[in-house]
2 protein chains.
Amino acid sequence: MSEPVRIGFPVFADLTLQDLVGPFEVFCRLPGASLHLVAGARDALATRGGFAVTPTATYADCPPLDILCLPGGPGHLGAMENAELLDFLRRQAAGCRYVTSVCTGAMVLAAAGLLEGRRATTHWMSLGRLARFGATPVAERIVVDGNRVTGGGVTAGIDFGLALAAEIAGERHAKAIQLQIEYAPAPPFASGDPRAAEPGLVAAVREGAKGYAALMDEVDARAAARLR
Amino acid sequence: MSEPVRIGFPVFADLTLQDLVGPFEVFCRLPGASLHLVAGARDALATRGGFAVTPTATYADCPPLDILCLPGGPGHLGAMENAELLDFLRRQAAGCRYVTSVCTGAMVLAAAGLLEGRRATTHWMSLGRLARFGATPVAERIVVDGNRVTGGGVTAGIDFGLALAAEIAGERHAKAIQLQIEYAPAPPFASGDPRAAEPGLVAAVREGAKGYAALMDEVDARAAARLR
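Residue numbers run consecutively from 1 along every chain, following the written order of its sequence. Whichever chain is written first becomes A and whichever ligand is written first becomes 1, with later ones labelled in order. It should be noted that, the model being predicted, local features are given only for residues of pLDDT at least 70 and side-chain atom pairs only at 80 or more, the latter also being counted only at that level, while totals for whole chains, interfaces and linings use all residues. Only hydrogens and water are set aside; all other atoms, that is, all heavy atoms of the structure, feed into the side-chain values.

Trainee: Could you give me a rundown of the packing of aromatic side chains, with the residues and numbers involved?
Mentor: Aromatic pairs are defined between Phe, Tyr and Trp rings, using the six-membered ring for Trp, whenever the two ring centres lie within 6.5 Å; interplanar angles under 30 degrees are classed as stacked, those over 60 as edge-to-face, and all others as tilted. Summed over all chains, the structure comprises 11 aromatic pairs over all chains. Both rings, one in Y59 of chain A and one in F88 of chain A, keep their centres 5.1 Å apart while their planes meet at 35°; by these two values the pair is tilted. You can see Y59 of chain A sitting in the loop between strand 5 (57-58) and strand 6 (67-70) and its partner F88 of chain A sitting in helix 3 (residues 83-93), a full 29 residues away along the chain. Note on classification: 1.4 Å probe, protein chains only; a residue is buried when its accessible area is under 20% of the maximum for its type, exposed when over 50%, partly exposed between these limits. The exposure class of Y59 of chain A is buried, given its relative accessible area of 5%. For F88 of chain A, a relative accessible area of 0% translates into the label buried. Taken together through their ring pairs, the aromatic side chains of F9, F24, F27, F51 and F160 of chain A together with F9, F24, F27, F51 and F160 of chain B make up a single cluster. Numbering of helices and strands starts at the N terminus; helices are DSSP runs of H or I of at least 4 residues and strands are runs of E of at least 2.

Trainee: Could you give an account of the packing of helix 1 (residues 17-27) of chain A against helix 5 (residues 156-169) of chain A, naming the residues involved and the relevant values?
Mentor: Residue and element names in this part refer to chain A. Every axis in this analysis is a line fitted to C-alpha atoms, fitted for helices over the stretch in contact. Angles between the N-to-C directions lie between 0 and 180 degrees. Where helix 1 meets helix 5, the axes come as close as 8 Å, and the angle between the chain directions of the two elements is 30°. In terms of orientation, helix 1 and helix 5 fall into the roughly parallel class. Where helix 1 crosses over helix 5, the two elements pack in a sense that is right-handed. Counting all contacts with helix 1, which are made through Q18, G22, P23, V26 and F27, the residues of helix 5 involved are G157, I158, F160, G161, L162, L164 and A165. Small angles under 35 degrees read as roughly parallel and large ones over 145 as roughly antiparallel, with 65 to 115 read as roughly perpendicular and the rest as oblique. Crossing handedness follows the turn of the near helix against the far one: under a right angle anticlockwise gives a left-handed crossing, and clockwise gives a right-handed one. We call two residues contacting when some pair of their heavy atoms lies within 4.5 Å.

Trainee: Give me the lowdown on the pattern of salt bridges, citing residues and values where you can.
Mentor: Residues and elements named next belong to chain B. Just to be clear on terms, a salt bridge is a Lys or Arg side-chain nitrogen sitting within 4 Å of an Asp or Glu carboxyl oxygen. Scanning all chains against the criterion turns up 27 salt bridges over all chains. Measuring nitrogen to oxygen at the nearest pair gives 2.9 Å for the salt bridge that ties R226 to E81. With a gap of 145 residues between them, R226 in helix 8 (residues 210-227) and E81 in the loop between helix 2 (76-79) and helix 3 (83-93) connect regions that are remote in the sequence. Where R132 meets D217, a salt bridge forms, and the shortest distance between an N and an O atom there is 2.9 Å. Placement of R132 in the loop between strand 8 (119-120) and strand 9 (136-137) and of D217 in helix 8 is noted, with a sequence separation of 85 residues between them. Look at D217 and you get partly exposed, because its relative accessible area is 40%.

Trainee: So what's going on with helix 7 (residues 199-208) of chain B? Residues and values would help.
Mentor: All buried positions along helix 7 of chain B are accounted for by L201, V202 and V205 of chain B. Take helix 7 of chain B and look down its axis: the buried residues cluster within an arc of 100°, on one side only. Next to the buried residues of helix 7 of chain B lie helix 6 (171-180) of chain A. The directions from the helix axis to the C-beta atoms form the arc being described.

Trainee: Any chance you could break down the sheet that holds strand 2 (residues 33-39) of chain A for me, citing the residues and the numbers?
Mentor: All names here are of chain A. Pairing between strands requires that DSSP locate at least two bridges from one strand to the other. Taking strand neighbours across the sheet as the criterion, the 7 strands line up as 5-2-1-6-7-11-10 in an open arrangement whose pairing is mixed. The outermost strands of the open sheet, each flanked by one partner alone, are strand 5 and strand 10 (142-145). Where strand 7 (residues 98-102) meets strand 11 (residues 148-151), 4 bridges bridge the pair, whose relative direction is parallel. Looking at the pairing, V99 lines up with R148 of strand 11. Sheet strands touched by helix 3: strand 1 (5-10), strand 2, strand 6 and strand 7. Its angle to strand 6, the strand with the most contacts, is close to 145°. Helix 5 contacts strand 1, strand 6, strand 7, strand 10 and strand 11 of the sheet and is inclined by roughly 160° relative to strand 7.

Trainee: Residues and numbers for the relation of the copies chain A and chain B, please.
Mentor: We superpose the copies by least squares over the C-alpha atoms of residues that have a pLDDT of at least 70 in both of them. Placing chain A over chain B gives an RMSD of 0.0 Å and needs a rotation angle of 180°, together with 0.0 Å of translation along the axis. In symmetry terms, the pair is related by a two-fold rotation axis. When you check the interface residues of chain A against chain B, 100% turn up at the interface there too, and the contact is symmetric in its surfaces.

Trainee: Any chance you could break down the packing of helix 5 (residues 156-169) of chain B against helix 6 (residues 171-180) of chain B for me, citing the residues and the numbers?
Mentor: All names here are of chain B. Two numbers describe how helix 5 lies on helix 6: the axes approach to 7 Å, and their chain directions differ by 145°. Where helix 5 crosses over helix 6, the handedness of that crossing is right-handed. Residue-level inspection shows L162, A165, A166 and A169 of helix 5 in contact with helix 6, the latter providing E171, H173, A174, I177 and Q178. For this classification, Asp, Glu, Lys and Arg are treated as charged, while Ala, Val, Leu, Ile, Met, Phe, Trp, Tyr, Cys and Pro are nonpolar and the rest, including Gly, are polar. Residues belonging to the contact of helix 5 with helix 6 are distributed by class as follows: 6 nonpolar, 2 polar and 1 charged.

Trainee: Before we move on, could you go through the interface of chain A and chain B and cite the residues and values that matter?
Mentor: Interfaces are often sized by the accessible area lost when the parts come together. Listed by partner, the interface residues are 62 residues for chain A and 62 residues for chain B. Two parts placed together each lose some accessible area under a 1.4 Å probe, and the buried area is that loss summed for both. In total, chain A and chain B occlude about 5,400 Å² of area from one another, counting both sides; carbon and sulfur atoms represent 64% of this. Considering only the surface of chain A that becomes buried against chain B, L179, E182 and F189 of chain A emerge as the three largest contributors, covering 15% of it. Our count for the chain A to chain B interface comes out at 2 salt bridges. Salt-bridge contacts for K175 of chain B lead to E198 of chain A; the nearest nitrogen and oxygen are separated by 2.9 Å. As used in this structure description, the phrase polar contact means that two N or O atoms lie within 3.5 Å; if the pair is within protein, one of them must be able to donate a hydrogen and the other to accept it, and residues adjacent in sequence are counted only when both atoms belong to side chains. Taken together, the connections running from chain A to chain B amount to 35 residue pairs in polar contact (both at pLDDT 80 or more). Put simply, the parts of the chain that give the side of chain A that touches chain B at least two residues each are helix 1, strand 2, strand 4 (51-53), helix 5, helix 6 and helix 7 (199-208) of chain A. Among the elements that make up the side of chain A that touches chain B, the one with the highest residue count is helix 6 of chain A (8 residues).

Below is the structure:
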């Protein structure tokens, strides 16, 4: 139960903080867990709103990991074209017990070739993109395919984290963590996914992200070409 | 709608990261919002699991805030006895549109005398402590009393953040943010509060925190005495 578990979160500029912190908050409560925020260097990385994320390890000095967990966010596009990061992911993934992601972190795993032939999920606005990398998109909050475990957008990282905590340390530990973090969610609105939200609002959010969607298409095309 | 909103999160060593990041992730998506992480100095502060939180402002140079939002976590005990922080809170609260907290951040507001005569909530394990500071404990996920808005433990900060976002920018904006952060929670277990969790597990979690509970009693007694 308490054997050491090394968990690495690759971090990059403009990641979505909640993608990272949902599973971080769960995993840091696991007995024997050590958590690493890994980047090319130890310089602080800025996220939306001016929050600085400071890496605790580099690709070069990070220990062998038991679990890789990729957060997403706008910066996932840069991450998908960061050869040093993709090399690190492929190298570590070979020895990992679980290779995982939250939100568009799945696109970074995909760009590293690590989701080929796998069922996977990601942020609802990016779901269709997974097919460009040989993965099968699944519109679920958590998708498990072998040792690949992917979570949906942003806050799905909490559900994902608890589900993985149960795999690692047993259901009782996971339930104790859920109680500690008082995870009895009560959203004030029912607008958390495109099936629940008002169609006009879904359209408006898509429209607001149109320029970003075009950029995603370009990055995907380049990243998929590199994999061939 | 897009008038500037200055939101300050006092930060301290050993805060619970999710307490801070839940509302941060929501508020950073509000039009016109500027977010400040405020401490006595700009040195990085360590949280559980080795995550460094870097303040972006100090008590001395923080601009006048529209919203104060106190995170909690084990470090709230130190914060309750930090005279410089308590002075900052009282000074800023006088001009704030909303004075708010997540989790045991409420105890820091209480220690500053800012919850006297108010209904409030906090982490379920600390709920009864609020009465020591003249507040009325309410076992709800979000409690609004005038301009005091308090959220329950840890993950309640997301629900709290969305509810406050609706107050500030309107329900449509809050719903758009909920969709962006895909907040359609699906906890893998029903163990998120002491009413839902197995009684044996609740007892075990309480037992594991017994030493901490004794420390809380001591700090509360000193902090309440200082208010008299």
